[in-house]
Amino acid sequence: MPIIYNKLSRKHPGKPEEGQKWYLYCKTVGMVDEAEVARQIADETTLNPKEAEMAISLLRKVILRNLLEGRMVRLGDWAYFYPTIQCEGAATEEEAVPARIRKLAMHVAYDQSFQQELDKATYISAQSLARKDGGEGK
């Protein structure tokens, strides 16, 4: 199924002096929860859905533990997770202390082969779906 998009007219946040421009954004068609992901994994493996669900739960626990210990987590050759800090800037090195940290977050990055798979996506406008006229291809 193609990726569905909508169009939105707005100013570029980084260039407020420019006029409004049209941008495309993804329109999702729903969410797949952990149980459904587990069912889909079970369909592709010898695991049953409950075993797949447990594996997903343990993956979350292991990734979180390693991030909190300052490690990156690499999953095969397709993705890695690493911790990032969002903090207030300080005028001096001495003032750059943990109390200025606003948030510890996780970043997910993926490699070129994963991007190449994403690049195979096709697109259709939400408007054309509503009109049921076949839409626009990539």
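All of the points below concern the structure found in this document.

What counts as what
- Residues numbered from 1 in each chain as written.
- Predicted model: local features only at pLDDT ≥ 70, side-chain atom pairs only at ≥ 80, totals over all residues.
- Heavy atoms only, no water.
- Phe/Tyr/Trp six-rings, centres within 6.5 Å; stacked < 30°, edge-to-face > 60°.
- Helix = DSSP H or I, 4+ residues; strand = E, 2+ residues; numbered from the N terminus.
- Buried < 20%, exposed > 50% of the residue type's maximum accessible area, 1.4 Å probe, protein only.
- Lys NZ or Arg CZ within 6 Å of the ring centre and 35° of its normal.
- Pairing = 2+ DSSP bridges.

1. A closer look at the packing of aromatic side chains
Summed over all chains, the structure comprises three aromatic pairs. Considering the side-chain rings of W78 and F114, the 5.5 Å spacing of their centres and the 25 degrees angle between planes classify their relative orientation as stacked. Separated by 36 residues along the polypeptide, W78 in the loop between β3 (73–75) and β4 (79–87) and F114 in helix α3 (residues 112–118) bring together distant segments of the chain. Assessed through its relative accessible area of 38%, W78 is described here as partly exposed. For F114, a relative accessible area of 33% puts it in the partly exposed group. Between Y110 and F114, the aromatic rings sit 5.4 Å apart at their centres with planes inclined by 55 degrees, giving tilted as the arrangement. For Y110, a relative accessible area of 40% translates into the label partly exposed. Taking the ring centre of Y23 as reference, the NZ or CZ of R10 above it sits at 4.8 Å.

2. Here's the deal with the pairing of β4
A regular strand places its side chains so that they alternate between the two faces of the sheet. Summarising the sheet, β3 and β4 pair through three bridges and their orientation is antiparallel. Its bridge partner being in β4, L75 is matched across the sheet by A79. Counting the residues that bridge the hairpin from β3 to β4 gives three residues, and of these G76 lies at a positive phi of roughly 55 degrees. Sheet topology note: the β4/strand β5 (residues 101–110) ladder contains nine bridges and is antiparallel. Across the sheet, residue Q86 finds its bridge partner in β5, namely K103.

None of this, on its own, says anything about what the molecule does.
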